[in-house]
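# Per-entry structural report
Okay, here's what each chain looks like letter by letter:
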Amino acid sequence: MNSPVVLRTPQEIARWRAAGSLGLVPTMGALHEGHASLIRRAAAECDAVIVSIFVNPTQFNDPADLERYPRPFERDVTVAGEHGAAAIYAPDVETMYPAGHATTIHVAGVTERWEGEHRPGHFDGVATVVSILLNQVRPDRSYFGEKDWQQLAMIRRMAADLSLPGEIIGCPLIRDDDGLALSSRNVRLSPEEREAALVIPSSLMRIRDRVAAGERSVASLLDVGHGVLRTRPEVAVEYLAIVDPDTLEPLETIDHAARALVAARAGHTRLIDTMDLSAQHSDAAPRS
Ligand code: AMP
């Protein structure tokens with residue numbers, strides 16, 4: 001397999017681009033099997049795949065988090081190529097935000113709660129960088145993970161509202177063998193923190209099992225989830241919610257589609273997870 005070509009500017013993308021459909025997988029690098037699943041899906045559906053790697057400073061509300069974010073670039077290029085990427089788009093900050101940059105995108109509604117409330121400014125940073133990327137790359141399809149469920153809902157809304165190029169495709173959340181949702185931040189967990197953090201997926205699985213057993217009261221389901229989370233008090237819960245998958249508004253009862261969302265800290269590492277509470281539960285199984 002050829003190593004992907006590394007492109008640094010929209011002009012280089014235009015020169016590289018050939019006839020046929022183009023799939024874009026936007027990432028911040030430190031690629032893992034979750035990203036790989038997006039790249040493989042894009043490769044299966046598009047003639048060529050470009051993976052963007054850009055650690056976007058404007059979406060970090062915590063400077064220490066930006067500083068500590070892992071950046072194994074050479075390894076990322078190899079991994080992306082192994083899973084079918086033909087090109088890497090790795091712009092520098094000045095290419096994404098040229099001198100005088102003054103535009104910020106704010107998507108109202110779906111961003112108000114949960115991550116929006118706990119990470120002020122985060123979604124504006126994501127919306128702005130994703131809109132810049134989509135306009136620079138002009139892909140036929142872009143691939144995003146359902147792990148960041150609220151982000152995906154926001155991007156769908158924004159792409160529709162701004163007529164951004166290409167189709168937005170959501171891909172299932174990938175878990176590690178122990179059940180923890182794969183995340184570039186997992187490498188920062190100590191073995192003890194990682195073990196404790198398993199209450200995060202466990203709480204969601206317990207909620208899902210209660211729904212499968214017929215429980216429909218969200219208050220009862222949240223009690224069950226918090227009960228699991230409390231067994232590891234060193235994991236600091238930011239929120240646990242059961243929401244309408246499209247509007248992200250909290251539900252009182254489960255009578256149609258529903259999704260659980262959770263955010264918690266293990267040590268200094270902030271983790272999020274989500275699970276479908278509707279009929280299929282396709283994201284419940286560990287990676288095999
Ligand atoms: P990131 O590099 O963390 O910003 O993520 C880049 C893309 O990969 C986003 O669309 C994420 O939702 C997606 N992603 C990250 N982790 C996972 C995972 N465990 N399963 C599926 N997609 C993921």
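All of the points below concern the structure found in this document. These numbers come from a predicted model, not from an experiment.

Definitions and limits used
- One numbering rule holds for all chains: residues counted from 1, following each sequence as written.
- Thresholds applied to this predicted model are a pLDDT of at least 70 for local features of residues and 80 or more for the giving and counting of side-chain atom pairs; totals over whole chains, interfaces and linings are not thresholded and use all residues.
- Only hydrogens and water are set aside; all other atoms, that is, all heavy atoms of the structure, feed into the side-chain values.
- Numbering of helices and strands runs from the N terminus; a helix is a DSSP stretch of H or I covering at least four residues, while a strand is a stretch of E covering at least two.
- In this treatment the radius of gyration is a C-alpha quantity, and the globule benchmark scales as 2.2 Å times the residue count to the 0.38 power.
- Contacts: residue pairs with any heavy atoms within 4.5 Å of one another.
- Each accessible area is a Shrake-Rupley estimate made with a 1.4 Å probe; only the visible protein chains count as cover when residues are assessed.
- His residues and chain termini do not enter the charge count, which takes Lys and Arg as positive and Asp and Glu as negative.
- Where a charge lies is defined by one atom per residue type, namely NZ (Lys), CZ (Arg), CG (Asp) and CD (Glu).
- With axes taken as lines fitted to C-alpha atoms, and helix axes fitted only over the stretch in contact, angles between N-to-C directions fall between 0 and 180 degrees.
- Comment on the angle field: the value is read as roughly parallel under 35 degrees, roughly antiparallel over 145, roughly perpendicular from 65 to 115, and oblique elsewhere.
- Take the far helix as the reference: if the near one is turned anticlockwise from it by less than a right angle, the crossing is left-handed, and if turned clockwise, right-handed.
- Each residue is assigned to one of three groups, with Ala, Val, Leu, Ile, Met, Phe, Trp, Tyr, Cys and Pro labelled nonpolar, Asp, Glu, Lys and Arg labelled charged, and all others, Gly among them, labelled polar.
- Two aromatic rings from Phe, Tyr or Trp, using only the six-membered ring of Trp, form a pair when their centres are within 6.5 Å; if the ring planes differ by under 30 degrees the pair is stacked, by over 60 it is edge-to-face, and anything between is tilted.
- Residue exposure (1.4 Å probe, protein chains only): buried if accessible area is under 20% of the type maximum, exposed if over 50%, otherwise partly exposed.
- Put simply, a charge is over a ring when the Lys NZ or the Arg CZ is close to the ring centre, within 6 Å, and near the line of the ring normal, within 35 degrees.
- Proximity criterion: a residue is near a molecule or strand once any of its heavy atoms comes within 4 Å of it.
- Distance and chemistry together define a polar contact, namely a pair of N or O atoms within 3.5 Å, with one atom able to donate a hydrogen and the other to accept it when in protein, and with adjacent residues in sequence counting only for side-chain atoms on both sides.
- Between any two strands, pairing holds if DSSP finds at least two bridges.

Regarding its fold elements, the protein presents 11 helices and nine strands. Taking 19 Å as the expected radius of gyration for a compact globule of 288 residues, we find that the protein reaches 19 Å, a close match to that expectation. Each of the three principal axes of the protein carries a C-alpha extent, and together these read 55 × 40 × 35 Å. When contacts within the protein are restricted to residue pairs at least 6 apart in sequence, those whose partners lie at least 24 apart make up 73%. When the accessible area of the protein is evaluated, it comes to approximately 12900 Å², of which 51% is carbon and sulfur surface. Side-chain charges in the protein split into 29 positive and 40 negative, and the spacing between the mean points of these groups amounts to 2 Å.

A few words now on unusual backbone geometry. Of note in this structure, Ala 30 is not a glycine but carries a positive phi near 50°. As for its placement among the helices and strands, Ala 30 is situated in the loop between strand 2 (22-27) and helix 2 (33-45). Phi at Leu 248 is positive, roughly 65°, even though this residue is not glycine. One can find Leu 248 in the loop between strand 7 (235-243) and strand 8 (259-266).

Okay, the packing of helix 7 (residues 122-137) against helix 8 (residues 149-161) next. Following both chains from N to C, one finds helix 7 and helix 8 inclined at 50°, their axes separated by 11 Å at the closest point. Comparing the axis directions of helix 7 and helix 8 gives the class oblique. As helix 7 packs across helix 8, the resulting crossing turns out to be right-handed. In this structure, helix 7 contributes Phe 123, Val 126, Ala 127, Val 130 and Ser 131 to the contact, and helix 8 contributes Gln 150, Gln 151, Met 154, Ile 155 and Met 158. Among the residues forming the contact of helix 7 with helix 8, the class breakdown is seven nonpolar, three polar and no charged.

Here we take up the packing of aromatic side chains. Considering all chains together, one arrives at three aromatic pairs under this definition. Ring centres 6.4 Å apart and planes at 45° place the aromatic pair Phe 54 and Tyr 97 in the tilted group. Of this pair, Phe 54 sits in the loop between strand 3 (48-53) and helix 3 (63-68) while Tyr 97 sits in the loop between helix 5 (93-96) and helix 6 (115-118), and the two are 43 residues apart along the sequence. Their ring planes at 45° and their centres at 5.6 Å tell us that Trp 114 and Tyr 239 sit as a pair that is tilted. Of the two residues, Trp 114 is situated in the loop between helix 5 and helix 6 and Tyr 239 in strand 7; the sequence distance between them amounts to 125 residues. Residue class for Tyr 239 comes out buried when judged on its relative accessible area of 8%. The ring of Trp 149 carries Arg 259 above its face, with NZ or CZ at 3.7 Å from the centroid.

Within the structure, the ligand sits among 16 residues, and Met 28, Gly 145, Asp 148, Ile 174 and Leu 182 are positioned closest to it. Gly 145 places a polar main-chain atom, nitrogen or oxygen, 2.9 Å from an oxygen atom of the ligand. Here a nitrogen atom of the ligand and a backbone polar atom of Ile 174 are 2.9 Å apart. Contact with the protein chains covers 92% of the free accessible surface of the ligand, which is 480 Å². The set of elements that each furnish at least two residues to the shell around the ligand consists of strand 2, helix 2 and strand 5 (141-145). The element best represented in the shell around the ligand is helix 2, accounting for three residues. Grouping the constituent residues of the shell around the ligand by class yields nine nonpolar, five polar and two charged.

We now examine the sheet that holds strand 9 (residues 269-276). Note: strands within a sheet are paired through backbone hydrogen bonds, in either parallel or antiparallel orientation. Spatially, 7-8-9 is the arrangement adopted by the three strands of the open sheet, whose pairing is antiparallel. Looking at the sheet topology across the chains shown, the edges are occupied by strand 7 and strand 9. On average, each strand axis in the sheet is inclined to that of its neighbour by 15°, with strand direction left out of account. Pairing analysis gives eight bridges linking strand 7 to strand 8, with the strands arranged antiparallel.

Turning to the environment of Phe 73, a few remarks are in order. Looking at where Phe 73 falls in the secondary structure, it is placed in helix 4 (residues 73-82). A relative accessible area of 24% means that Phe 73 is categorised as partly exposed. In this structure, the C-alpha to C-alpha distance between Phe 73 and Ile 53, residues 20 residues apart in sequence, is 8.4 Å. Ignoring sequence-local partners within four residues, the contact set of Phe 73 consists of Val 6, Arg 8, Ile 53, Ile 88 and Ala 90.

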